[in-house]
Structure formats: C-alpha cells, structure tokens
Amino acid sequence: MNFESNYRELESQYIMPAFSREIMITKGSGCTVTDADGKQYLDLIAGIAVCSTGHCHPKVVKAITEQATELIHCSNLFYVPHQGALAKKLVEISGLPGKAKAFFSNSGAEAMEGALKLARIRTGKKEFIACEGGFHGRTMGSLSCTHKPAIREPFMPLQPFTSFVPYGDAQALKAAITTETAAVILEPIQGEGGVIIPPAGYLKEVREICDAKGVLLIIDEVQSGMGRTGHWFAFQEEGILPDIITMAKAIASGFPMGAIVAREGLEFGKSEHGSTFAGGPIACAAALASIDVIGEALPEVAAKGERFRAAMAHLNPRVRGLMIGITIGDHCADVQKECAVHGLLVNCAAHGNLRLVPPLTITNAEIDKATGIINAAVSKFASS
C-alpha cells in the first residue's frame, strides 16, 4: 500500500500537535509490525491493548471484508446486522445475571460517557467517586473522573462532580460517599497509571461498601478486559459483579468500538441516549470474530504472563496475564527508545512504569526474544 513519503512534513503542517511520535507503522501481522523504512518490530504495545488478536488476524479480516461487501452503515434507526448476537455474547461473558443488557459506543471514552449518563438518570444523583491515578477518557464527562491533573485541570470546571480517593484504600472510598453519590468508578487494574494492581480483596470490599450505601459500582474494563488478564474481565478474578461495565480497545481488534453492559434494571429508555455510528455492521462483525479468537487464546494467557514474570523476575514485574508493569523510574523513556532500536515496541505509562500489553496470541519464542531485549535495555541504564 502506498503512503505519503513526506508524512512528517504533512503532519507538521496540517495536523494539530497533540501527539508525540517518531515511527510510522505501515503493516502488521500477528505480533510483528513494519515501519515506513521497512524495519520490523515485535509489538508489545498492540495499539495500547487493542490488537489482542494480533495485527490483521485472518478471522477478523475476513469478518470485516465480508461485511463491508454487504453493508457498511445503516444507522440505529434500523435493526443492525450482528448487534443482537454481539450484545448476547457480551452479556454472557460478563457473567451478569438476569436480564443484563448492552449499549454500544465508538470508543472507551464514549462507553464511560454512557455509563455516567446511565448512573445519573437511574439514580437521580449527580456525583461520582473515582481513584487517584485512574484514567477513564478525555471527553469532558470522562475527563471529570480521570485523575491526572495535567490533562484534567486545564479544562476545569468539569461535570459531573467527582471526588478522588487513593486507589486500593476501600475505607477512604467509604468515607467519601455522600447522599449525592451516584456511583463509584474503578479500574480493576490501573493501566495508564502504570499497571497498578490493588490489594487482594479490594474489589470485594468496594462491592460490599457500594451495596451497603446504595451506590452503583462502575468497573472500567476498557484496558483490562477482553481476555487481557486471563479472564474475560479482570473483576472476575475476585468473583464480584459490577452494576455497569465499560469496555472498548480489544473488543473489535482495532476497529473503533466500545460498549457498556449493565445489570438488570439499569437501562436507557427511549431517546435517553443514542449514537449515529455506534454498533455499526462492520464493528459488530469484527467484534464477534475477535471474541472467537480471544476465546481460543484465553486458556494460555496466564501461562504466557508467568513466562514474562520468570524471565524478568529480577525487575519485580507486576503481572496479571498479559497486562504487565515494570517500574523503571527516570530512565523509562531511555529504555523504551533502546528497545525500539533493537526491534521491540514498549510503552512508558505514568510514573516511570513500563507497560507491556502484547497480543494475546504472542508466542513463547516471541516472549523470550522480547524479554531478552528488555533485560538488556534495563541493564544498560541501571548504573546511569
């Protein structure tokens, strides 16, 4: 496929400078991507936990291309092909009992916007509690419950009003609940925060507090969901059930899509929410194919995560399946660049934490190669 050889010049002149980037990725297959100069990389970023089936998985490509020849868009004024089947599948893998239902969106931020609206309209309350270090999106609503001051404070005042409490501290969360609290919003593992895993039992305690206080629990599985941790959703490891789940990223292997699934009794009525593009035919076809592939990969995710852990044990990695964080510190950006030099793409998240979220289809040989490059890169800067 042809691309503009002067892409850097075009970006500089015509694209708002909201992103920092150095490489153009032009092709991907499995866990490997190729840049504009023909250099290949093992990809442990996977579109930031998006390409969990690997790049251009044949089953996903087939689903997209076949649907594209039949119908690309028809809007939600009509029944949309594959929507019902996908909603059924998402409800089933969520584990929510009874008559849980789904609502589709185009991204994780939109999924969170839908969750916020649903919580407000069904409870009649207007305030939320979220966690320090949490990330839930950059739209005005989702940004209100995203903690990072550098991206939130320039846009204040924000609505809905959100109180922030330390992540992992259930008692601080309990103390913050008021009579106006509609919901508590949590990531079961903080991804953008650096793959931060809360203490064992934290989610169960929060669930009990929400039940006792009559407050909804929204679990943000945009990054940790769809098989990433070795479960369909990370909350399932503690055996709890949220009231509302937000998801996106890996749901359609890179085709833009998100969704919420909410328990019985929590649903939008006519005209309470909507979207022109959400749950389109191609997105739903891609998601159904992605779920099939993820289901095939799921039994091996935990073992692959342990292979990463064993190979990098001296770095004390935080591992939940194939969601892995390593505290590097001030040299995180240096390690990231050094890995790229040697054909490996990794990502620095917050606070000097290296974040690894490779395709769930990564092979053992690819894991061994990747961990060798990471270990060498970290060692290079260890004494600096």
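Residues numbered from 1 in each chain as written. Predicted model: local features only at pLDDT ≥ 70, side-chain atom pairs only at ≥ 80, totals over all residues. Heavy atoms only, no water.

**So, the environment of Glu300**
Checked against the element boundaries, Glu300 lands in the loop between helix 10 (281-297) and helix 11 (301-311). When its relative accessible area of 46% is taken as the criterion, Glu300 is described as partly exposed. In sequence terms Glu300 and Ile218 are 82 residues apart; their C-alpha atoms lie 28 Å from each other. (Helix = DSSP H or I, 4+ residues; strand = E, 2+ residues; numbered from the N terminus. Buried < 20%, exposed > 50% of the residue type's maximum accessible area, 1.4 Å probe, protein only.)

**Notes on the sheet that holds strand 14 (residues 347-348)**
With antiparallel pairing, the 4 strands of this open sheet are ordered in space as 11-12-15-14. Each edge of the open sheet is held by one strand with a lone partner, namely strand 11 (318-320) and strand 14. (Pairing = 2+ DSSP bridges.)

**Focus on the nonpolar core**
Among the nonpolar cores identified, the biggest contains 79 residues, and Leu90, Leu173, Leu186, Leu356 and Ile374 are the most heavily contacted of them. Per-element tally for this core: the top contributor is helix 10, with 9 residues. For Leu173, the contacting residues outside a window of four places in its chain are Ile129, Val165, Val184, Leu186, Tyr202, Val206 and Ile209. (Core = buried A, V, L, I, M, F, W, Y, C linked by side-chain atoms within 4.5 Å. Contact = heavy atoms within 4.5 Å.)

**What about the packing of aromatic side chains?**
Applying the stated rule across the entire model yields 3 aromatic pairs. A ring pair is formed by Phe103 and Phe268, whose centres lie 5.4 Å apart and whose planes are at 70°; its orientation type is edge-to-face. Here Phe103 is found in strand 4 (residues 101-105), whereas its partner Phe268 is found in the loop between strand 10 (258-262) and helix 10, with 165 residues between them in sequence. Residue Phe103 is classed as partly exposed on the basis of its relative accessible area, which comes to 25%. (Phe/Tyr/Trp six-rings, centres within 6.5 Å; stacked < 30°, edge-to-face > 60°.)

**Some remarks on helix 5 (residues 108-123)**
One full turn of an α-helix is made of 3.6 residues, so residues set three or four places apart face in the same direction. Given a rise of 1.5 Å per residue, 16 residues ought to cover 22 Å, and the 22 Å separating the end C-alpha atoms of helix 5 matches this to within 8%. Here helix 5 has its buried residues at Gly108, Ala109, Ala111, Met112, Gly114, Ala115, Leu116, Leu118 and Ala119. Two or three places before Glu110, at the opening of helix 5, Ser107 has a side-chain oxygen 3.1 Å from that residue's backbone nitrogen. The first or second residue beyond helix 5 is Gly124, which carries a positive phi of 75°. (Expected span 1.5 Å × (residues − 1). Polar contact = N/O pair within 3.5 Å; in protein donor to acceptor, adjacent residues only side chain to side chain.)

**Description of the sheet that holds strand 5 (residues 127-131)**
Taken in spatial order, the 7 strands line up as 4-10-9-8-7-5-6 in an open sheet, and their pairing is mixed. Strands at the two margins of the open sheet, each flanked by one partner only, are strand 4 and strand 6 (161-165). Mean inter-strand twist for the sheet, computed between neighbouring axes without regard to direction, equals 20°. As paired strands, strand 8 (residues 216-220) and strand 9 (residues 244-247) are joined by 3 bridges and run parallel to one another. Within strand 9, the position partnered with Ile219 by the bridge is Ile245. (Axes fitted to C-alpha atoms, helices over the stretch in contact; angles between N-to-C directions.)

Interpretation in functional terms is not warranted from these geometric data alone.
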